[in-house]
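The chain contents come next:
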Amino acid sequence: METAIIREIRPEDNVNVAIAIRQVLIDIGVPKVGTAYADKALDFMYEHYDVPKATYFVVEDQGEIIGCAGIAKLDNFEGNVCELQKMYFLEKARGRGLGGKMMETCLDKAKEYGFEKCYLETMPYMKAAQKLYVKSGFEYIDKPMGDTGHFSCPVWMLKSL
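Since the model is a prediction, treat every value here as computed from it, not as a measurement. (Residues numbered from 1 in each chain as written. Predicted model: local features only at pLDDT ≥ 70, side-chain atom pairs only at ≥ 80, totals over all residues. Heavy atoms only, no water.)

Side note on the pattern of salt bridges
Any two side chains of opposite charge can pair, on the condition that their charged atoms come close. What counts, and what does not: Definition used for salt bridges: Asp or Glu carboxyl oxygen within 4 Å of a side-chain nitrogen of Lys or Arg. Each helix corresponds to a stretch of at least 4 residues labelled H or I by DSSP, and each strand to a stretch of at least 2 residues labelled E; elements are numbered beginning at the N terminus. A simple rule labels every residue: compare its accessible area, found with a 1.4 Å probe on the protein chains alone, to the largest value its type can have, and call it buried under 20%, exposed over 50%, or partly exposed in between.
Tallied over the full model, the rule gives nine salt bridges. Across the pair Arg96 and Glu2 runs a salt bridge whose closest N-O atoms are separated by 2.5 Å. Of this pair, Arg96 sits in the loop between strand E4 (81-89) and helix H3 (98-112) while Glu2 sits in the segment before strand E1 (4-8), placing them 94 residues apart in sequence. You can call Glu2 partly exposed: its relative accessible area is 32%. Here Lys92 makes a salt bridge to Glu64, at a shortest N to O gap of 3.0 Å. In this pair, Lys92 is assigned in the loop between E4 and H3 and Glu64 in strand E3 (residues 64-73), connecting sequence segments 28 residues apart. Here Lys92 falls in the partly exposed class, since its relative accessible area comes to 48%. Beyond isolated ion pairs, a larger network of salt bridges with shared partners links Glu2, Asp61 and Arg96.

Listed below in structure tokens is the structure:
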């Protein structure tokens, strides 16, 4: 029986979300500069997403945060495009179908907000994530959109909503 639930972030989740994200990034060997690891928002995710047309979700399993992802307007971009942001799962969350459920939750919220497209950035070696993105309808594009500050993420994808 699956015991994990997906819910919106709460202020008290900030510390555990930051710990989980940094752990995943360390586990996969992501550079600490030019990626989400260095984002100032990591320690204040509830506040960062407490703005119009933005929501951050967590996967909670028996009181522990084991995954997370958010949706927000794409920074520094003219147009009705959102970004799938900071989607990470601890090892214990993988292989349970939670990525697909989280993706569906985020994309449903993006549609509810009225966004026309969803953009994301990732790393070349994050093959399992890319498989999920393609399965969810994302397509590879040739150049970045907006300016997320993640200059170390050279894979860009886009999906029409």
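Quick look at the side chain of Thr122
For clarity, the cut-off: Any two residues whose heavy atoms approach within 4.5 Å are treated as being in contact.
Among the structural elements, Thr122 can be located in strand E5 (residues 117-122). Residue classification places Thr122 among the buried positions, given a relative accessible area of 3%. When neighbours within four sequence positions are excluded, Thr122 is seen to be in contact with Gln130, Tyr133, Cys153, Pro154 and Val155.

So, unusual backbone geometry
Positive phi values are uncommon outside glycine, yet Gln62 reaches one of about 50 degrees. Along the chain, the position of Gln62 falls in the loop between strand E2 (55-61) and E3. The backbone of Asn76 sits at a positive phi, close to 55 degrees, despite the residue not being glycine. Mapping Asn76 onto the fold places it in the loop between E3 and E4. Judged by its relative accessible area of 60%, Asn76 falls in the exposed class.

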